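Descriptive structure summary
Here are the chains, one letter per residue:
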Amino acid sequence: MAKNDDQFKKVISHAKEYGYVFQSSEIYDGLSAVYDYAQNGVELKKNIRDYWWKAMVQMNENIVGIDAAIFMHPTTWKASGHVDAFNDPLIDNKDSKKRYRADVLIEDYVGKLDTKIEKEVAKAAKRFGDAFDKAQFLATNPRVLQYKEKGAAILKRMGQSLEKEDLADVKALIEELGIACPESGSKNWTDVKQFNLMFGTKLGASADSAMDLYLRPETAQGIFVNFLNVQKTGRLKIPFGIAQTGKAFRNEIVARQFIFRMREFEQMEMQFFIKPGTQQEWYEHWKEARMKWHLSLGMGEDNYRFHDHEKLAHYADAAADIEFRFPFGFKELEGIHSRTDFDLSQHEEFSGKKLQYFDHEENKSYVPYVLETSIGLDRMFLAVFSNSLKEEELENGTTRVVLKLPAVLAPTKAAVLPLVKKDGLPEVARKIVDDLKWDFNVAYDEKDAVGRRYRRQDAAGTPFCITVDHDTLEDNSVTIRHRDTMEQKRVKIEELRAIIKQEVDMRSWLMKM
Ligand code: ATP
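Just so you know, these numbers come straight off a predicted model, no measurement behind them.

Moving on, we get to the overall build of the protein. A tally of helices and strands in the protein yields 18 helices and 23 strands. A globule of 513 residues ought to have a C-alpha radius of gyration of about 24 Å, and the protein, at 26 Å, matches this closely. Of all 513 residues assigned to the protein, the portion counted as buried reaches 50%. Taking contacts inside the protein between residues at least 6 apart in sequence as the whole, the part at least 24 apart equals 66%. Per element, the accessible surface of the protein, about 25800 Å² overall, is 49% carbon and sulfur. Measuring between centres, the 76 positive side-chain charges of the protein sit 2 Å from its 82 negative side-chain charges.

To continue, consider a nonpolar patch on the surface. Together, F71, L203 and M211 line one region of the surface with nonpolar side chains, adding up to about 260 Å² of accessible area. Residue position: M211 is located in strand β8 (residues 211-214). Accessibility expressed as a relative area gives 31% for M211, which makes it partly exposed.

Looking now at the site of the ligand. Around the ligand, 16 residues are found, and the nearest of them are E252, R261, M262, E332 and L333. A distance of 3.2 Å is found between an oxygen atom of the ligand and a side-chain nitrogen or oxygen belonging to R101. In isolation the ligand has 590 Å² of accessible area, and contact with the protein removes 87% of it. Element by element, the count of residues in the shell around the ligand is highest for strand β13 (residues 329-340), at five residues. Classifying every residue of the shell around the ligand by side-chain character gives four nonpolar, five polar and seven charged.

Our focus in this paragraph is the pattern of salt bridges. Taken as a whole, this structure holds 43 salt bridges when the rule is applied. For E266, the salt bridge goes to K45, with nearest N and O atoms at 3.2 Å. Placement of E266 in strand β10 (residues 264-274) and of K45 in helix α2 (residues 39-58) is noted, with a sequence separation of 221 residues between them. Classification of E266 as buried rests on a relative accessible area of 6%. The closest approach of N and O atoms between D439 and R497, which form a salt bridge, is 2.8 Å. Placement of D439 in the loop between α14 (425-436) and β20 (442-444) and of R497 in helix α17 (residues 496-504) is noted, with a sequence separation of 58 residues between them.

Our focus in this paragraph is the domain arrangement of the protein. Here the protein is described as being made up of domain 1 (1-68 + 219-390), domain 2 (87-194) and domain 3 (412-510). Computed from C-alpha coordinates alone, the two centres of domain 1 and domain 3 are separated by 35 Å. Each partner contributes to the interface: domain 1 provides 13 residues, whereas domain 3 provides nine residues. Around 870 Å² of area is buried between domain 1 and domain 3 when both sides are counted, 62% of it from carbon and sulfur atoms. Where domain 1 touches domain 3, the interface holds zero salt bridges. Top element by residues in the side of domain 1 that touches domain 3 is α2. It accounts for seven residues. Of the residues in the side of domain 1 that touches domain 3, the class split is six nonpolar, four polar and three charged.

Mapped onto the elements of the fold, Q279 is located in helix α11 (residues 279-295). Contact partners of Q279, with chain neighbours within four places excluded, come to I274, D317, S338, Y369 and L371.

Counted at 1.5 Å a residue, the expected span for α2 with its 20 residues is 28 Å, and the 27 Å between its end C-alpha atoms agrees. Of all the residues in α2, the buried ones are N40, G41, L44, K45, N47, I48, Y51, W52, A55, M56 and V57.

Read across the open sheet, the seven strands follow the order β3-β9-β10-β16-β13-β12-β11; overall the sheet is mixed. Each of the sheet's edge strands pairs with one partner strand only, and the pair in question is β3 (63-65) and β11 (304-308). For this sheet, the mean inter-axis angle between neighbouring strands, taken without regard to orientation, is 25 degrees. As paired strands, strand β9 (residues 240-249) and β10 are joined by ten bridges and run antiparallel to one another. Bridge assignment links K247 to a residue of β10, and that residue is E266.

Under the counting rule described, the total for this entry stands at 24 aromatic pairs. Measuring from centroid to centroid gives 5.2 Å for F260 and F326, while their planes differ by 80 degrees, and the two rings are edge-to-face. Here F326 lies in strand β12 (residues 318-326) and F260 lies in the loop between β9 and β10, a separation of 66 residues in the sequence. Taken individually, F260 and F326 each receive the classification buried, so the pair is uniform in this respect. Through pairs of rings, three or more aromatic residues link up here, namely F8, Y35, F258, F260, Y304, F324, F326 and F328. The ring of F306 has K287 lying over it, and the distance from NZ or CZ to the ring centre is 4.8 Å.

On to helix α13 (residues 377-388). In this model α13 runs 16 Å from its N-terminal to its C-terminal C-alpha over twelve residues, within 8% of the 16 Å that 1.5 Å per residue would give. By the criterion of burial, α13 is predominantly enclosed, with twelve of the twelve residues buried. Of all the residues in α13, the buried ones are L377, D378, R379, M380, F381, L382, A383, V384, F385, S386, N387 and S388.

A few words now on unusual backbone geometry. In this model, I238 is joined to P239 through a cis peptide bond whose omega is 5 degrees. As for its placement among the helices and strands, P239 is situated in the loop between α10 (227-233) and β9. The backbone of S25 shows a phi angle near 45 degrees, a positive value even though the residue is not glycine. With respect to the element layout, S25 can be found in the loop between β1 (21-23) and β2 (35-37).

Okay, the environment of A180 next. Structurally, the position occupied by A180 is in the loop between α8 (167-176) and β6 (193-196). Spatially, the C-alpha atom of A180 lies 22 Å from that of R261, the residues being 81 residues apart in sequence. Once residues lying within four places of it in the same chain are set aside, the contact partners of A180 are G185, S186, K187 and W189.

Reading the values: the criteria
Residues numbered from 1 in each chain as written. Predicted model: local features only at pLDDT ≥ 70, side-chain atom pairs only at ≥ 80, totals over all residues. Heavy atoms only, no water. Helix = DSSP H or I, 4+ residues; strand = E, 2+ residues; numbered from the N terminus. Rg over C-alpha atoms; globule rule 2.2 N^0.38 Å. Buried < 20%, exposed > 50% of the residue type's maximum accessible area, 1.4 Å probe, protein only. Contact = heavy atoms within 4.5 Å. Areas by Shrake-Rupley, 256 points an atom, 1.4 Å probe, with all protein chains shown as cover. Lys, Arg positive; Asp, Glu negative; His and termini not counted. Charge placed at Lys NZ, Arg CZ, Asp CG, Glu CD. Patch = residues over 30% accessible without salt bridge, like charges linked within 9 Å, V, L, I, M, F, W, Y side chains within 5 Å. Salt bridge = Lys/Arg side-chain N within 4 Å of Asp/Glu carboxyl O. Near = heavy atom within 4 Å. Polar contact = N/O pair within 3.5 Å; in protein donor to acceptor, adjacent residues only side chain to side chain. Nonpolar A, V, L, I, M, F, W, Y, C, P; charged D, E, K, R; others polar. Domains from an automatic or database assignment. Buried area = accessible area lost by both parts, 1.4 Å probe. Expected span 1.5 Å × (residues − 1). Pairing = 2+ DSSP bridges. Axes fitted to C-alpha atoms, helices over the stretch in contact; angles between N-to-C directions. Phe/Tyr/Trp six-rings, centres within 6.5 Å; stacked < 30°, edge-to-face > 60°. Lys NZ or Arg CZ within 6 Å of the ring centre and 35° of its normal.

The structure is reproduced here in structure tokens:
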């Protein structure tokens, strides 16, 4: 645990030091759970968004994108159920005065059981050596099975209690498990209460005529209210999808995991409209397709897992999360939800407008069912960034810090470095930058010894360094150095574009899906 905490601290400070993420309004001591993306962060974030958009919208003939406004008619949120049910169960510790999400306290307890299982696996792997069969061990070891059963029973009970709004039982569960305040160790808890997460605001100049609005807590509703307009103008046939990326706002109760849980964040969502009765098939399809998208980035199969929901949201008939191994353990990265016809039916009822699709094959109208994929862009950023940050021991006994971002996502694809600041080398380097910048985001760096410049680019995540030296003036060749292998090769200037393209091109990455 301590090692993980340490790693997480390194992630946060590296994100600041290398211009990725800053605390918002830092000069005023910051604003809790609100962050700004800096010069490198904005590029990484954009590249993740583009990678998603390419895979979801541009590579699928039957999926289109929109960009709906953040403000929506307030009735939207009555229809969607957010006014009545977008709550988190909160609990306060009477001694430390700290506030927690009751469900998160319980999930963290179960997370500790998972850690115990991992420890048992590691111990057994060491004991049995090459003969170790992990799958068999997980399926048969009595201690592992006991932890698993305990965890499952706890989550089941919590799910059922939340479903029934039995908040007294949620508190009872916290007490029975002996969960203490992580800050103070105290077990002196208040009752569990519901807390609505939407931010309210007002539209209009005068106090009497002003209209109460909400900042949208999810982008999905902007898609549902536009369903018919998009379907008609795009002449789309079921099954088809509408995707959108954009800001969402939630007044989160506890938000202390950097950009994992923010009060202002960005979502990338896709609603897939289908024929009623086909939801199971599409649910499986999108679970698999989304996992493949994640795996295409090469961040390690072991770092992902599915978590099927015990407690289903009011709108869902099946739901699973794709969880990622963050520095603080496995947590939700993306949700895949089978939403039935809940959303469109609700909007039909509240708006009085028909939101149906005429199916020519069936010769009848119906309210389509919906399959949703919903991922937090900031969470994906944290997954990529934390997984890429490595400290490596080198052969000469020194260490280097390297940000091994998937090259397709790296903010800067190459840095061009004149070996010295004279003899015409900077001019040649500038010319290379001017040529490459049409295709890639490239940087120029002439300060400090070249070894230091390499380290700086390694830490910033730049996949290639291109060095211009005196030989370049003679033979038009440069040294290209690879961030991950540190291998250096002599190549012709005119070859650079093709070499870089091969590694950073979205096509070759997405082809791995
Ligand atoms: P959690 O249980 O972590 O609060 P959720 O189940 O409420 O998340 P959804 O409503 O399904 O999340 O939202 C879809 C995705 O949006 C999540 O998988 C997550 O990646 C992202 N997300 C949700 N809330 C936040 C937040 N406060 N900050 C950053 N990303 C978020």
